[in-house]
Amino acid sequence: MKIAICEDEVFWQEQLEEMVRRWAKEKREPLCLRSFPDSESFLFAFSEEKDWDVLLLDIEMGKKSGMELAEKVRRENEEVGIIFATGYAEYMGRGYDVGALQYLLKPVEEKKLFACLDKMLRRQEREGKKLAFETTDQRKLSLSAADIWYLEAFRHRCLLYTKDQSYELKMSMTEAERILGEEAGFIKCHRSYLLNLRRVREIYREELVLDDGRKVPASRRAWQKVNAAFLRFYSDCGPVS
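Here's a quick rundown of the structure. (Residues numbered from 1 in each chain as written. Predicted model: local features only at pLDDT ≥ 70, side-chain atom pairs only at ≥ 80, totals over all residues. Heavy atoms only, no water.)

## So, the pairing of strand β3 (residues 54–57)
What counts here: Burial classes: relative accessible area under 20% of the type maximum marks a residue as buried, over 50% as exposed, and values in between as partly exposed (1.4 Å probe, protein chains only). Comment: elements are numbered from the N terminus, with helices defined as DSSP H or I runs of at least four residues and strands as E runs of at least two. At least two bridges found by DSSP between two strands are what make those strands a pair.
In β3, alternate side chains face the same way, and those of V54 and L56 on one face and L55 and L57 on the other are all buried. Note that strand β1 (residues 2–6) and β3 share four bridges and pair parallel. Bridge pairing in β3 links I5 to L56. Pairing of β3 with strand β4 (residues 81–86) involves four bridges; the strand directions are parallel. Paired with L57 across the bridge in β4 is F84.

## Brief notes about the side chain of T135
Stated formally: Any two residues having at least one pair of non-hydrogen atoms within 4.5 Å are treated as being in contact.
Relative to the assigned elements, T135 resides in the loop between β6 (130–134) and β7 (140–144). Non-local contacts of T135, meaning those with residues more than four positions away in its chain, are made with L141, Y167, E168, L169 and K170.

## Points about the packing of helix α2 (residues 39–46) against helix α3 (residues 66–76)
For any two helices packed against each other, one specifies the crossing angle of their axes together with the interaxial distance. Definition in use: Interaxial angle, 0 to 180 degrees, is taken between N-to-C directions of lines fitted to C-alpha atoms, where a helix line uses only the stretch in contact. Each angle receives one of four descriptions, namely roughly parallel if under 35 degrees, roughly antiparallel if over 145, roughly perpendicular if within 65 to 115, and oblique otherwise. Handedness of each helix crossing follows the sense of rotation of the near helix against the far helix: counterclockwise by less than a right angle gives left-handed, clockwise gives right-handed. Gly is placed with the polar residues, together with every amino acid not listed as nonpolar (Ala, Val, Leu, Ile, Met, Phe, Trp, Tyr, Cys and Pro) or charged (Asp, Glu, Lys and Arg).
At a closest axis distance of 10 Å, the pairing of α2 and α3 adopts a crossing angle of 15°. With respect to their mutual orientation, α2 and α3 come out roughly parallel. The interaxial crossing formed by α2 with α3 has right-handed handedness. Where α2 approaches α3, its residues S39, F42, L43 and F46 are matched on the opposing element by G66, L69, K72, V73 and E76. In the contact of α2 with α3, the residues fall into five nonpolar, two polar and two charged.

On their own, these measurements won't tell you what the molecule is for.
The structure is reproduced here in structure tokens:
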């Protein structure tokens, strides 16, 4: 896992480094760990390296706050896990506005930090595996579960939708369900639609609204199952209490 710590106080920086290394050792997880004294130095590295898995950020530091840094990073990387480690509780609401994995008050409790990193590791394990698909025009697709927004039954095939494109797959919806079940974060919300729970913003009785505003129909019969699956998914992937 590639983790950055952005902290201007050496004492807290070293404490976080020690805890992250202990976590990685316990999990036997390969670790790339770098620390930065301010937002500017991290952004210089980020301009060339955007593949960070986790950012551990202080808020009050230097010319650019950790919150401003998080907002900039989130615009360019939707998947990175952001954890705030700070002494300022009044920023908590804004932390969740940038999709923070968690907000930890100093002195940071090791078990809470470990819980955050555990959830990020589970998320990576669930989303990182590439899935192979073949389109009806003989193209080969390699996509992670996170890349897929939803699938729609189309004649005896199905259409796969990503953020920006759609593909007609050389498989039926039944075959797609075997690959993309609830274990992978998907749920059948309608007899013709298989939906990625990661991309759901709002749930209504007759439709679901995705992060980009697209709407997918939901059958009344499936609503209770979809709602329960959504709550289960985010109790596992969401912020640590």
